[in-house]
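Listed below, chain by chain, are the residues.
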Amino acid sequence: MPPSTPFPGLHRVAFAPRPPADSDIVALPLRVFHTDVLEARRSLHRILGTRLQGYAVDVQAARHCIRVSLHVRRGELATCLRLLTASMPRAEFGRIARPSHWMH
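Described in the following lines is the structure provided in the data block.

Conventions and cut-offs
Residues numbered from 1 in each chain as written. Predicted model: local features only at pLDDT ≥ 70, side-chain atom pairs only at ≥ 80, totals over all residues. Heavy atoms only, no water. Helix = DSSP H or I, 4+ residues; strand = E, 2+ residues; numbered from the N terminus. Salt bridge = Lys/Arg side-chain N within 4 Å of Asp/Glu carboxyl O. Buried < 20%, exposed > 50% of the residue type's maximum accessible area, 1.4 Å probe, protein only. Pairing = 2+ DSSP bridges. Contact = heavy atoms within 4.5 Å. Axes fitted to C-alpha atoms, helices over the stretch in contact; angles between N-to-C directions.

Details of the environment of Leu48
Here is step 1: Locating Leu48 in the fold gives a position in helix α1 (residues 37-48).
Here is step 2: For the pair Leu48 and Thr79, spaced 31 residues apart in sequence, the C-alpha separation works out to 9.1 Å.

Structure representation (structure tokens):
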């Protein structure tokens, strides 16, 4: 059955309530000051490539920003931070934590 969305390349991912106990994935909160979600997604994929394990996006139109919870491997965290800082100098980072949900 063909997708019913005007963007057939986009898809939804089901979330599990908790990440696996042995997961080395961490959530890195990021805030970007614009509201173009498609451009933000393209930028994240271009900057991080296969290092990006998943993400959740929240648009805050009133504040003109996008909040993203990036899911990356703990061992690649320093590299991801360097790449993001160099490519998105105005972005703000939050506290690194275990993801509150997991994609499967």
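Having seen the structure, we can now continue with the description.
Details of the pattern of salt bridges
Close approach of charged atoms allows side chains with opposite charge to pair.
Here is step 1: Within the structure shown, the criterion is met by two salt bridges.
Here is step 2: Asp24 serves as the salt-bridge partner of Arg73, at 2.8 Å between the closest nitrogen and oxygen. Of this pair, Arg73 sits in strand β4 (residues 65-73) while Asp24 sits in the loop between β1 (15-16) and β2 (25-32), placing them 49 residues apart in sequence.
Here is step 3: Overall, the relative accessible area of 34% leaves Arg73 in the partly exposed class.
Here is step 4: The class for Asp24 is partly exposed, based on a relative accessible area of 35%.
Here is step 5: For Arg31, the salt bridge is made with Glu92, and the minimal N-O distance between the two is 2.7 Å. In this pair, Arg31 sits in strand β2 while Glu92 sits in strand β5 (residues 92-93), placing the two residues 61 residues apart along the sequence.
Here is step 6: The partly exposed category is assigned to Glu92, whose relative accessible area is 35%.

A word on the pairing of β2
Here is step 1: Counting buried positions over the eight residues of β2 gives six, a clear majority of the element.
Here is step 2: Bridge analysis of β2 against β4 gives eight bridges, and the strand direction is antiparallel. Bridge assignment links Leu30 to a residue of β4, and that residue is Val68.
Here is step 3: As paired elements, β2 and β5 share two bridges and run antiparallel to each other. Within β5, the position partnered with Arg31 by the bridge is Glu92.

Comments concerning the pairing of strand β3 (residues 52-60)
Here is step 1: As paired strands, β3 and β4 are joined by eight bridges and run antiparallel to one another. The partner of Leu52 across the bridge, within β4, is Val72.
Here is step 2: If you look at the hairpin formed by β3 and β4, you'll find four residues sitting between the two strands, and His64 has a positive phi there, around 55°.

Observations regarding the sheet that holds β2
Here is step 1: In spatial order, the strands read β3-β4-β2-β5; together these four strands make up an open sheet with antiparallel pairing. Only two strands of the sheet have a single partner each, and these edge strands are β3 and β5.
Here is step 2: Each of β2, β3 and β4 is contacted by α1, which is oriented at about 155° to β3, the strand it contacts most.

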